[in-house]
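Each chain, written out:
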Amino acid sequence: MLNNLVNIGFGNYMNSTRIITILSPDSAPVKRLKEEARVEKKLVDATYGRRTRAVIITDSNHVILSSIQPETIAHRFTEYNGQNFKSKENTPK
């Protein structure tokens, strides 16, 4: 189990097998999702008061806020899982 931990910033780790998706927090649907999680007591704020840069959704419907960029978390996630991650935004056309 300790092999599956991913650093999400400021000494906070989470189990990589529980991650469903990593989102950017800027869109209105993600903002609504954050508010719904707050009402349902399923929001975990791991930003230490800094700006939210990534929203992580888990298989238990918990929403985790991180101040680390989604690309950085995805890179750390793929390092642990041995996957080859390529963002569509960064690929040449």
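Preceding this section is the structure that the text describes.
The shown structure was predicted, so the numbers you read here are calculated from the model rather than taken from an experiment. (Residues numbered from 1 in each chain as written. Predicted model: local features only at pLDDT ≥ 70, side-chain atom pairs only at ≥ 80, totals over all residues. Heavy atoms only, no water.)

**Description of the side chain of Asn7**
Okay, step 1: In this structure, Asn7 sits in strand β1 (residues 5-9).
Okay, step 2: Setting aside residues no more than four positions away along its own chain, Asn7 makes contact with Asn12, Tyr13 and Arg76. (Helix = DSSP H or I, 4+ residues; strand = E, 2+ residues; numbered from the N terminus. Contact = heavy atoms within 4.5 Å.)

**Quick notes on unusual backbone geometry**
Okay, step 1: For Lys41, which is not a glycine, the phi torsion comes out positive at approximately 60°.
Okay, step 2: With respect to the helices and strands, the residue Lys41 is situated in the loop between α1 (28-39) and β4 (43-45).

**Brief notes about the pattern of salt bridges**
Side-chain pairs of opposite charge can arise where the charged atoms are in close proximity.
Okay, step 1: Tallied over the full model, the rule gives 2 salt bridges.
Okay, step 2: For Arg18, the salt bridge identified is with Asp59, shortest N-O distance 2.6 Å. Note that Arg18 is positioned in the loop between β2 (12-15) and β3 (19-23) and Asp59 in the loop between β5 (54-58) and β6 (63-66), a separation of 41 residues in sequence.
Okay, step 3: According to the relative accessible area criterion, Asp59 is partly exposed, its value standing at 42%.
Okay, step 4: Residue Glu35 is joined to Arg38 by a salt bridge in which the shortest nitrogen-to-oxygen separation is 3.5 Å. (Salt bridge = Lys/Arg side-chain N within 4 Å of Asp/Glu carboxyl O. Buried < 20%, exposed > 50% of the residue type's maximum accessible area, 1.4 Å probe, protein only.)

**So, the environment of Ser66**
Okay, step 1: Here Ser66 lies in strand β6.
Okay, step 2: Ser66 sits 21 residues away from Asp45 along the chain, and the two C-alpha atoms are 6.9 Å apart.
Okay, step 3: Apart from residues lying up to four places away in sequence, Ser66 is in contact with Ile8, Thr47, Arg51, Thr52, Arg53, Ala54 and Ile73.

**Some words on the pairing of β2**
Okay, step 1: Sheet topology note: the β1/β2 ladder contains 4 bridges and is antiparallel. Directly across from Gly9, in β2, lies its bridge partner Asn12.
Okay, step 2: Here β1 folds back onto β2 in antiparallel fashion, the turn holding 2 residues, of which Phe10 has a positive phi close to 55°. (Pairing = 2+ DSSP bridges.)

**Side note on α1**
Okay, step 1: With 12 residues, α1 should reach 16 Å at 1.5 Å per residue; the first-to-last C-alpha distance of 17 Å fits that figure.
Okay, step 2: Where α1 is concerned, the buried positions are Val30, Lys34 and Ala37. One side of α1 holds all its buried residues, which, seen down the axis, span an arc of 65°.
Okay, step 3: If you follow the buried residues of α1, they end up packed against β3, β4, β5 and β6.
Okay, step 4: Positioned one or two residues after α1, Lys41 has a phi angle of 60°, which is positive. (Expected span 1.5 Å × (residues − 1). Arc of directions from axis to C-beta.)

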